[in-house]
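Report on the structure
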Amino acid sequence: MKMTSLLTPTLKKAPAGWQDPGVIRLIRSGYALDFQNEEWNLLPLGSILRENVAWTFLHALMEENFQQLDSLLYKKDGLYALAQRAVQSYRDLPLNFMELRQGLLLLGGIETASGKEAQQEIVHTIDNILQNLNLPSIVMSDETLGTDGSYVALKASDQYIAVENGVACSSCGWTGTENARIEQSKPYRTEKEMVRQEIHTPNASSIEELCEFLHIPAEQTVKTMFYMAEVDDGWRPVAVLIRGDLHISEEKLALFLKVKKVRIAEENELMSVMGQKPGYLGPVGLPERVCLVADISIEGCSGVVTGANKPNYHLTGVTWGRDFKTKHIGDVALLREGMNCPRCGLELQPFLWNKVAAVWSEKSDIEGIPYQDQQGQTEKCTLWKGWIDLNSILTALAREKTYPFGLAPFDVDIIVPSVKDEVAMNLATNLYLEMAQNGIVVLFDDRNERAGAKFADFELFGIPVKVVVGRKAAEGIVEVHYGEDAKEMQAEDVVCFLSSLLNDDDESL
Ligand SMILES: [Zn+2]
């Protein structure tokens, strides 16, 4: 393609308001107009780049026997409808599918009853493809995706867009999201049983104020939070208890309650259930109709401090089983730095990450799809689903200096520093045509612009190879720049050289 017929509104300066180098790069290089509502508004070069990323995945997944669909995976029960039609016997399984949908590559599969390892395999495949794109990825455990589910992530910095908090163990290498499973959380316990007492605690409605007032650690307090859980006929109030130094995960809570969504109760809702505002609520003497959930950090606690359900008063010496109790005990806390690694038990460090892909077991209200196993017995299929976020991969690629061969919109940029130099222009034009004929995707910067502007645009575009047709054109010599290397060579040798460079790169993929 010739540069004069390409729409690439590059910017001299970084666009204002962004810190993410990938976002800045894509806008500045004219690959995208802007980034709005977590979506890229791509221009021609950005569209080619994303299409190339999509094809890289489609191609690699095809080799793993994935088949392409058009509109079934994005529909809620599309995969079920397909399984009902397509699966009778174990011989029909496994089936793996993919579907391109607005910047996402949706994934889904149907497995035998025992075929749970399929999800780990697909996570592994995605991981490999990303490694080949020079994007080393990390697998993040997350309870809300189910026991077999996980996210595929890229390490992020706090400048990046869509950055998520997570934790990593520097000892065993385990990584997880804030919603990863917490195996153990010790409740606070006093050695001797304490008498429960109501004490006056004015202006101590927060955990910090309370701890300062009573000179106790936050672990010795119990937070009582009121949520509304979305059920079939509206919203139901739920009181949640958690150790004072921990925080509640709304996603884990919704999962535990088997509801779609939970949200913090509003003040008027709290008033109608409890007759008071937040700040001094507690588990002792709660109305029967309030469902009480305890985080695992509460079960068996003793001698702790809770709200007294009375403004400006707290209870001390509160003990599990004697003063309050609930059957609903679950892991509903956010996993944060300083807590223990679920694998090796050592202290976790903060870890920022970007979501790239997710894979999980599909659960539905619809009854399982039956099939005949090898012994002629009837079994039920396992269904899994996932997605790969092409947009976040695009942003990640744009943080690197150049795009890899095959992904970059062009393999080569031919630059003639002075278009007035007729000999150079002729040589460059011939080279351009020869490259195109030989299947090299080439951009010819034929603009009547300063050489400096052309070189600057080349850097911004991230094209892997630059061929400069300049002073030695009369001798038929051009310069070929790729990575950190540069070579002078006869123009007639360039196509052969580039072809071998491209093929080498293909082999390394
Ligand atoms: Zn560990």
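Note that the structure is a prediction, hence the values are computed from the model and not measured.

Another aspect to go through is the coordination of the zinc ion. Around the zinc ion, the protein supplies Cys 169 (SG), Cys 172 (SG), Cys 341 (SG) and Cys 344 (SG) as donor atoms, at distances of 2.3 Å. Site description for the zinc ion: donor spacing in sequence, C-x2-C-x168-C-x2-C. Since its relative accessible area comes to 27%, Cys 172 is described here as partly exposed.

As a further point, take the sheet that holds strand β25 (residues 477–482). Pairing in this open sheet of five strands is mixed, and the strands run β23-β22-β24-β25-β26 from one edge to the other. If you trace the sheet from one side to the other, it starts and ends with β23 (442–445) and β26 (485–490), each paired once. Averaged over all adjacent pairs, the angle separating strand axes in this sheet is 20°, with direction ignored. Both strand β22 (residues 412–415) and strand β24 (residues 465–468) contribute to a ladder of four bridges, which runs parallel. Note on β24: the bridge partner recorded for Ile 415 is Val 468.

Take the domain arrangement of the protein next. Here the domain parsing of the protein yields domain 1 (3–182 + 350–397), domain 2 (197–330) and domain 3 (412–508). Using C-alpha coordinates to define each centre, domain 2 is positioned 68 Å away from domain 3.

It is worth spelling out the side chain of Glu 269 at this point. Within the secondary structure layout, Glu 269 lies in helix α7 (residues 267–274). Apart from the residues lying within four places of it in its own chain, the contact partners of Glu 269 are Met 228 and Arg 263.

Looking now at the environment of Gln 36. Among the structural elements, Gln 36 can be located in strand β1 (residues 32–36). Residues Gln 36 and Glu 449, spaced 413 residues apart in sequence, show a C-alpha to C-alpha distance of 32 Å. Within the local environment of Gln 36, its side chain forms a polar contact with the side chain of Asn 41, the two groups lying 3.5 Å apart.

The subject of this paragraph is the packing of helix α2 (residues 44–62) against helix α4 (residues 117–132). At a minimum axis distance of 11 Å, the contact between α2 and α4 shows a crossing angle of 135°. The angle between α2 and α4 falls in the class oblique. The chirality of how α2 crosses α4 is right-handed. Between α2 and α4, the contacting residues are Thr 56, Phe 57, Ala 60 and Leu 61 on the first element and Ile 122, Thr 125, Ile 126, Ile 129 and Leu 130 on the second. Classifying every residue of the contact of α2 with α4 gives seven nonpolar, two polar and no charged.

We now examine the sheet that holds strand β16 (residues 313–318). In spatial order, the strands read β10-β16-β15; together these three strands make up an open sheet with antiparallel pairing. Either end of the sheet is taken by a strand with one partner, and the two such strands are β10 (197–200) and β15 (304–307). Strand-to-strand twist across the sheet, computed as the mean angle between neighbouring axes with direction ignored, equals 35°. Alignment of β15 against β16, held across three bridges, turns out to be antiparallel.

Before going further, it helps to spend a moment on the nonpolar core. By size, the foremost hydrophobic cluster in this structure holds 53 residues, and its most contacted members are Phe 57, Leu 107, Ile 126 and Ile 388. Looking at this core element by element, the count peaks at eight residues for α2. Composition of this core by domain shows at least three residues from each of domain 1 (3–182 + 350–397) and domain 3 (412–508). In contact with Ile 126, other than residues within four places in its own chain, are Phe 57, Leu 107, Val 152, Ala 357, Val 359 and Ile 388. Counting 29 residues, the second-largest nonpolar core is a separate cluster that includes Tyr 432, Ala 473, Tyr 482 and Val 494.

Bringing the pattern of salt bridges into the picture now. Per the counting criterion, the structure on display carries 17 salt bridges. The salt bridge partner of Arg 399 is Asp 20, with a shortest N-O separation of 2.8 Å. Within this pair, whereas Arg 399 is found in the loop between α8 (390–397) and β22, its partner Asp 20 is found in the segment before α1 (21–28), the two being separated by 379 residues in sequence. Since its relative accessible area comes to 0%, Asp 20 is described here as buried. Residues participating in the shared-partner salt-bridge network are Glu 193, Arg 196, Arg 322 and Asp 323.

Across the eight residues of α8, eight count as buried, placing the element largely inside the fold. For α8, the full list of buried residues reads Leu 390, Asn 391, Ser 392, Ile 393, Leu 394, Thr 395, Ala 396 and Leu 397. Between the side-chain oxygen at the start of α8 and the backbone nitrogen of Asn 391 there is a gap of 3.0 Å, and the oxygen is on Asp 389.

Residue Pro 94 is bonded to the preceding Leu 93 through a cis peptide linkage, with omega at 0°. Mapped onto the fold, Pro 94 is located in the loop between α3 (78–86) and β4 (95–101). One non-glycine residue, Gln 102, lies in the positive phi region at around 45°. Unusually for a residue other than glycine, Asn 134 sits at a positive phi of about 60°.

The final tally for this structure, using the stated rule, is ten aromatic pairs. Judged by centre distance (6.4 Å) and plane angle (55°), the rings of Tyr 151 and Trp 387 are tilted. With Tyr 151 in strand β7 (residues 150–155) and Trp 387 in strand β21 (residues 382–389), this residue pair connects regions lying 236 residues apart in the sequence. Grouped by ring-pair contacts, the aromatic residues Trp 18, Phe 35 and Trp 40 constitute a single cluster. A cation sits over an aromatic face here: Arg 263 above Trp 235, 4.4 Å from the ring centre. We note Arg 399 situated over the ring of Tyr 160; from NZ or CZ to the ring centre the distance is 3.6 Å.

Procedures and definitions
Residues numbered from 1 in each chain as written. Predicted model: local features only at pLDDT ≥ 70, side-chain atom pairs only at ≥ 80, totals over all residues. Heavy atoms only, no water. Donors = N, O, S within 2.8 Å, 3.2 Å for Na, K, Ca; no water. Buried < 20%, exposed > 50% of the residue type's maximum accessible area, 1.4 Å probe, protein only. Pairing = 2+ DSSP bridges. Helix = DSSP H or I, 4+ residues; strand = E, 2+ residues; numbered from the N terminus. Axes fitted to C-alpha atoms, helices over the stretch in contact; angles between N-to-C directions. Domains from an automatic or database assignment. Contact = heavy atoms within 4.5 Å. Polar contact = N/O pair within 3.5 Å; in protein donor to acceptor, adjacent residues only side chain to side chain. Parallel < 35°, antiparallel > 145°, perpendicular 65-115°, else oblique. Left-handed = near helix turned anticlockwise from the far one by under 90°. Nonpolar A, V, L, I, M, F, W, Y, C, P; charged D, E, K, R; others polar. Core = buried A, V, L, I, M, F, W, Y, C linked by side-chain atoms within 4.5 Å. Salt bridge = Lys/Arg side-chain N within 4 Å of Asp/Glu carboxyl O. Phe/Tyr/Trp six-rings, centres within 6.5 Å; stacked < 30°, edge-to-face > 60°. Lys NZ or Arg CZ within 6 Å of the ring centre and 35° of its normal.

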